[in-house]
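Commentary on secondary and tertiary structure
Chain residues, written in single-letter form:
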Amino acid sequence: MLIGCHLSASKGYLHMAREAASIGANTFQFFTRNPRGGNARPLDLRDTEAFRAFAQEHAFGQILAHAPYTLNGCSADPAIRDFARRTMADDLQRLEATPGNLYNFHPGSHVGQGVETGVQYIADMLNSVLWADMQTTVLLETMAGKGSEVGSSFEELQAIIDHVELSDHLGICLDTCHVHDAGYDIVHDLDGVLTAFDRVIGLDRLKALHINDSKNPRSARKDRHEKLGEGHIGLDAILRITEHPALRHLPMLLETPNELDGYAREIAILKEHHA
Ligand code: FE
Ligand code: FE
Ligand code: ZN
């Protein structure tokens, strides 16, 4: 199984990969730069080369680079939209040094302009940063629907994809806490939710999972992650997700409120149930 967690990027790729391996992981997620979207660390090609060798040797799956979550490509403010576009373009260029991996971002918040305008701005941004022979797949993350977040329904995510020219480079990262908070009943009707996903978007677009429990009941639209088994989703439902035939091959990243030892325990639990 491809399993890992969110790690700090401050010491570089090789350090993250070693840290992942030390807790039984074979993938990981990291922020491309600090959450406020400031300058990224200078790209160290010795580090990316050493990482690629380590990842190959240890049979790592695809890793997931996460855009700063404050990046908002559908802000009403053109300067904020432009900042998001330039940040994403820079991230995607840098990720060519570790080709074949995934880049995840939050579609954004339309802040009162309406979903349709939001969808169009997000698609405009993607149309200006994607290129034909890029080596990274860009993932839209399913959102909880907090405030005016775009992307809390499968229909909104597909509407963005529909407006993007080079949509072959796009996929979806499904966050279990977010879809639960958005109202999808993954606890009692996982098959129904996946059927809806397949009908609206297509399961072939699904490229990664964020595995989190939720501090809140379904449809709360809150987005507060909980440790596995300690929230409103529960461990049984989480295990049905990680073992589902349509999902069990995907990279799974924990974003639960844990330090390394807590992540190691959760990874061990998920692996133990993986036949
Ligand atoms: Fe996220
Ligand atoms: Fe997430
Ligand atoms: Zn979240």
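To start, this report covers the structure provided alongside it. Keep in mind it's a predicted model, so treat the numbers as computed, not measured. (Residues numbered from 1 in each chain as written. Chains lettered and ligands numbered in written order. Predicted model: local features only at pLDDT ≥ 70, side-chain atom pairs only at ≥ 80, totals over all residues. Heavy atoms only, no water.)

With respect to the coordination of the iron ion (ligand 2)
Counted only if it meets this: Counted as donors are N, O and S atoms no farther than 2.8 Å from the metal, or 3.2 Å for Na, K and Ca; water is not among the atoms, and sites may therefore look incomplete. Donor angles set the geometry label: tetrahedral for four donors if every angle is between 85 and 135 degrees, square planar for four and octahedral for six if opposite donors exceed 155 degrees and the others are between 65 and 115, irregular for anything else. Segments assigned H or I by DSSP are reported as helices when at least four residues long, segments assigned E as strands when at least two residues long, and all are numbered from the N terminus. Burial classes: relative accessible area under 20% of the type maximum marks a residue as buried, over 50% as exposed, and values in between as partly exposed (1.4 Å probe, protein chains only).
Surrounding the iron ion (ligand 2) are the protein donor atoms Glu141 (OE), Asp175 (OD), His210 (ND1) and Glu255 (OE), which sit 2.0 to 2.2 Å from the metal. The coordination sphere of the iron ion (ligand 2) comprises four donor atoms, whose angles at the metal cover 84 to 170 degrees; the geometry is irregular. Look at where the donors of the iron ion (ligand 2) fall in the sequence and you get E-x33-D-x34-H-x44-E. The two metals, the iron ion (ligand 2) and the iron ion (ligand 1), are separated by 3.3 Å and share Glu141 as a common coordinating residue. Of this pair, Asp175 sits in strand E6 (residues 170-175) while Glu255 is found in the loop between strand E10 (252-254) and helix H9 (260-272), placing the two residues 80 residues apart along the sequence. For the pair Asp175 and Glu255, one class covers both residues: buried.

Thoughts on the sheet that holds E6
What counts here: Between any two strands, pairing holds if DSSP finds at least two bridges. Interaxial angle, 0 to 180 degrees, is taken between N-to-C directions of lines fitted to C-alpha atoms, where a helix line uses only the stretch in contact.
Pairing is parallel around the closed barrel formed by eight strands, whose spatial order is E1-E2-E3-E4-E5-E6-E7-E10. Going across the sheet, the axis of each strand differs from the next one's by a mean of 25 degrees, ignoring polarity. Pairing of strand E5 (residues 137-141) with E6 involves four bridges; the strand directions are parallel. Residue pairing for E6: Glu141 is matched across the bridge by Cys173.

Describing helix H3 (residues 78-95)
Heads up, the condition is: Helix span, expected: 1.5 Å multiplied by one less than the number of residues in the helix. Pairs of residues are marked as contacts when any of their non-hydrogen atoms sit within 4.5 Å. Each polar contact in these results corresponds to two N or O atoms within 3.5 Å; when the atoms are within protein, one needs to be able to donate a hydrogen and the other to accept it, and residues that are neighboring in sequence are counted only if both atoms are side-chain atoms.
In this model, H3 (18 residues) spans 26 Å end to end at C-alpha, consistent with the 26 Å of a helix rising 1.5 Å per residue. Elements in contact with the buried residues of H3: helix H1 (13-22), strand E3 (64-66), strand E4 (102-105), helix H4 (115-129) and E5. N-capping of H3 is provided by Asp77, with a side-chain oxygen placed 2.8 Å from the backbone N of Ala79.

Structural notes on the state of the cysteines
We apply this condition: Note that a disulfide, as used here, is simply two cysteine sulfur atoms within 2.5 Å.
On inspection of all chains with the given rule, the structure shows zero disulfides. Cysteine Cys74 shares no disulfide, and the gap to the nearest cysteine sulfur, in Cys173, comes to 18 Å. Looking at Cys74, the relative accessible area reads 0%, which means it is buried. Here Cys177 is not cross-linked by a disulfide; its sulfur's nearest cysteine counterpart is in Cys173, at 12 Å.

Concerning the nonpolar core
What counts, and what does not: Nonpolar cores are built from buried Ala, Val, Leu, Ile, Met, Phe, Trp, Tyr and Cys residues. Side-chain atoms within 4.5 Å join them into one set.
In this structure, Phe28 and Leu126 are the most contacted members of the largest nonpolar core, which totals 75 residues. In this structure Leu126 touches Met88, Phe105, Val138, Leu140, Ile160, Val164 and Leu170, once residues within four positions along its chain are discounted. Leu64, Leu102, Cys173 and Leu253 belong to the second-largest nonpolar core, a separate cluster that totals six residues.

Re H4
Note the following rule: As used here, the arc is the angular range of directions from the helix axis to the C-beta atoms.
Taking 1.5 Å as the rise per residue, H4 with 15 residues should run 21 Å; its terminal C-alpha atoms sit 21 Å apart, in good agreement. Along H4, the residues that are buried comprise Gly118, Val119, Ile122, Ala123, Met125, Leu126 and Val129. In an axial view of H4, the angular spread of the buried residues amounts to 155 degrees, which keeps them on one side of the axis.

A short note on the coordination of the iron ion (ligand 1)
Six octahedral donors around a metal ideally make angles of 90 or 180 degrees; four tetrahedral donors ideally make 109.5 degrees. Distances from the iron ion (ligand 1) to its protein donors, His66 (NE2), His106 (NE2) and Glu141 (OE), fall at 2.1 to 2.3 Å. Each donor residue of the iron ion (ligand 1) belongs to the same chain, with the gaps between them written as H-x39-H-x34-E.

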